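Okay, here's what each chain looks like letter by letter:
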Amino acid sequence: MSDNLSYIEDYFNKSLSPEETRLFEERITAEPAFAEEVSFYISTRNLAKQQSVAEKKARFRALYDASEPAKVVEMPGSKTRTWRLVAIAASIISIVVLGVVFFKSDRHPNELADEYIKENLEEISPSMSVQDSLEAGKQLYNKKDYAGALIIFESILNRDHRQSRAREYAGIVSLQMNNYDKALSHFSELEETRLESNPGKFYHALTLMKRDQPGDNELAKKLLQEVVDQHLWNEDVAAAWLKKW
Amino acid sequence: MALSESNPQLTEDAIVEGLRQTGTIRIKAEESLFKTFDYFIKEGIRNHSLTREESFDAYSDTVLSAIDKINDGTFEGRSSLKTWIYRIFQNKCVDLLRKKSTNKQSIHQTQEISGLLYMLSDNARTIVQKMMENTDMELLMKRLQQLGEQCKKMLLAWADGLPDREIATLLEYKTADVVKTSRLRCMEKLRQQYKDHKS
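Not measured: the values here are computed from a predicted model.

### Details of the packing of helix 8 (residues 146–159) of chain A against helix 9 (residues 164–176) of chain A
Residue and element names in this part refer to chain A. Contact geometry of helix 8 with helix 9 gives a least axis separation of 9 Å together with a crossing angle of 150°. By the angle class used here, helix 8 and helix 9 are roughly antiparallel. Crossing hand, helix 8 versus helix 9: left-handed. Where helix 8 approaches helix 9, its residues Tyr 146, Ala 149, Leu 150, Phe 153, Glu 154, Ile 156 and Leu 157 are matched on the opposing element by Ala 166, Arg 167, Tyr 169, Ala 170, Val 173, Ser 174 and Gln 176. The class makeup of the residues in the contact of helix 8 with helix 9 is 10 nonpolar, two polar and two charged.

### So, the interface of chain B and chain A
Across the boundary between the two partners, chain B contributes 65 residues, which contact 68 residues of chain A. Taken over both partners, the interface formed by chain B and chain A buries close to 6200 Å², and the fraction arising from carbon and sulfur atoms is 62%. Linking chain B with chain A are 14 salt bridges. Here Asp160(B) ties to Lys49(A) by a salt bridge, and the two come within 3.5 Å at their closest N and O atoms. In this assembly, chain B and chain A are joined by 15 residue pairs in polar contact (both at pLDDT 80 or more). Mapped onto the side of chain B that touches chain A, the elements with two or more residues apiece are helix 2 (23–36), helix 3 (40–48), helix 4 (52–71), helix 6 (122–133), helix 7 (137–145), helix 8 (149–159) and helix 10 (176–198) of chain B.

### Thoughts on the packing of helix 10 (residues 180–191) of chain A against helix 11 (residues 200–211) of chain A
Residues and elements named next belong to chain A. Where helix 10 meets helix 11, the axes come as close as 8 Å, and the angle between the chain directions of the two elements is 160°. Relative to helix 11, helix 10 is oriented roughly antiparallel. Taken as a pair, helix 10 and helix 11 cross one another with a handedness that is left-handed. Between helix 10 and helix 11, the contacting residues are Tyr 180, Asp 181, Ala 183, Leu 184, Phe 187, Ser 188, Leu 190 and Glu 191 on the first element and Gly 200, Lys 201, Tyr 203, His 204, Thr 207, Leu 208, Lys 210 and Arg 211 on the second. Residues of the contact of helix 10 with helix 11, tallied by class, amount to seven nonpolar, four polar and five charged.

### Examining the side chain of Arg143(B)
Residue and element names in this part refer to chain B. The topology assignment puts Arg 143 in helix 7. No salt bridge is formed by the buried Arg 143; the nearest opposite charge belongs to Asp 136, separated by 8.3 Å. Among all residues touching Arg 143, those that are not within four sequence positions of it are Leu 190, Gln 193, Tyr 194 and His 197.

### A look at the confidence of the model for chain A
Residue and element names in this part refer to chain A. When pLDDT is averaged along chain A, the result is 81, and 80% of the positions lie at 70 or above. Taking the mean pLDDT of every element in chain A, the minimum, 50, falls on helix 5 (residues 92–98) and the maximum, 95, on helix 2 (residues 18–30). Note on residues 97–104: pLDDT is under 50 here. Beyond four places in sequence and across chains, it has 14 contacts.

### Things to note about the pattern of salt bridges
The tally for this structure, following the rule as stated, stands at 31 salt bridges over all chains. Two residues, Lys180(B) and Asp10(A), come together in a salt bridge whose shortest N-O distance is 3.5 Å. On the criterion of chain membership, the pair formed by Lys180(B) in helix 10 and Asp10(A) in helix 1 (residues 3–12) is interchain, its members lying in two chains. Across the pair Asp57(B) and Arg61(A) runs a salt bridge whose closest N-O atoms are separated by 3.9 Å. Of this pair, Asp57(B) sits in helix 4 while Arg61(A) sits in helix 3 (residues 32–67), on two different chains. Its relative accessible area of 10% is what places Arg61(A) among the buried residues.

Cut-offs and rules
Residues numbered from 1 in each chain as written. Chains lettered and ligands numbered in written order. Predicted model: local features only at pLDDT ≥ 70, side-chain atom pairs only at ≥ 80, totals over all residues. Heavy atoms only, no water. Axes fitted to C-alpha atoms, helices over the stretch in contact; angles between N-to-C directions. Helix = DSSP H or I, 4+ residues; strand = E, 2+ residues; numbered from the N terminus. Parallel < 35°, antiparallel > 145°, perpendicular 65-115°, else oblique. Left-handed = near helix turned anticlockwise from the far one by under 90°. Contact = heavy atoms within 4.5 Å. Nonpolar A, V, L, I, M, F, W, Y, C, P; charged D, E, K, R; others polar. Buried area = accessible area lost by both parts, 1.4 Å probe. Salt bridge = Lys/Arg side-chain N within 4 Å of Asp/Glu carboxyl O. Polar contact = N/O pair within 3.5 Å; in protein donor to acceptor, adjacent residues only side chain to side chain. Buried < 20%, exposed > 50% of the residue type's maximum accessible area, 1.4 Å probe, protein only. Lys, Arg positive; Asp, Glu negative; His and termini not counted. pLDDT = per-residue confidence, 0-100.

If you want it as structure tokens, here you go:
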């Protein structure tokens, strides 16, 4: 084990004498390899602190969401409660993927959003390509380490804001963390990107349906209609939801 | 009122005392602190026109800042916990509004300016800061995740400011010296793995 780490720690714990402190700082300017070790020590501390903060915030969010849910109560007059029980019994996956309407009544948009997220966004499929940052982020996501995954995806974007996959995943992670503003920001930016199959508008609508604040459902409906009209990604699901709206 | 794991809402004194402990008592104190004043979030929405998410972020940052300050002795108990936390929260809300209005929000800062950096002399700090800007934080994060749970827990506890003797109690090590040796070994392992994949 390198003795330098212990020496570096003594410096930051203020265990060195004034003369030893001066020699430590001179060594940084004279020896690039030593300076790099000091840089690594501080970077590691920063990263570990970031991760610790992210984990605590996730705990606080769970506490707050449990006591102050953002959802709105079911719309008056709807039969969503009965149909929700029917849906659970009737295999939700095929219904959502195929967009087949088994429901005879309207569904609240927030329930549609919850169902979609549970069935389609629990995991991001890893690709068989060489391990890279995106794959690492996906692995963390699939282990439900959302805070860690978000750090990776946003770091990719910080280096290159055009990375559409990283932006898509950053939006999805933010949605899973109920950080709707951040999710909306990522998905809005994604919508503006030229892609062969752009999921941005659909995810934008999904996030609004999940957030369910005044005005959100109206805007979500408008976006879903645009997904259908413009033949964008997931237009079949958008069409099925519009029928149930 | 004595500390009790079955009582989620502790008195202010009990919260402060609990935050200076380790393990589950500290976690309960952190959660109790959060829940005791979480009505500030609605005030942030109402008084500063923040969204629910923005107000939640400002309040979470407030609680985390308060925990750090209680542990480093900055909070001396001259005012009530409520008054003090409310003041921090107001400042966080104002900072957030200021960032929004100047449109300076970045997706993610590569590295926050660390207090450790400012302990160095000017020349040394300039050199180290430049090297830190070239650190591949994604790669470092990946390697941290692959270090193993015990190393990861130890490094997070250390970054949180827990002294080695408290980490020893928390993670069931014999002594603080054993913790220090293990922790430096974890860091060296992390550094090797980072260097191996970077080259």
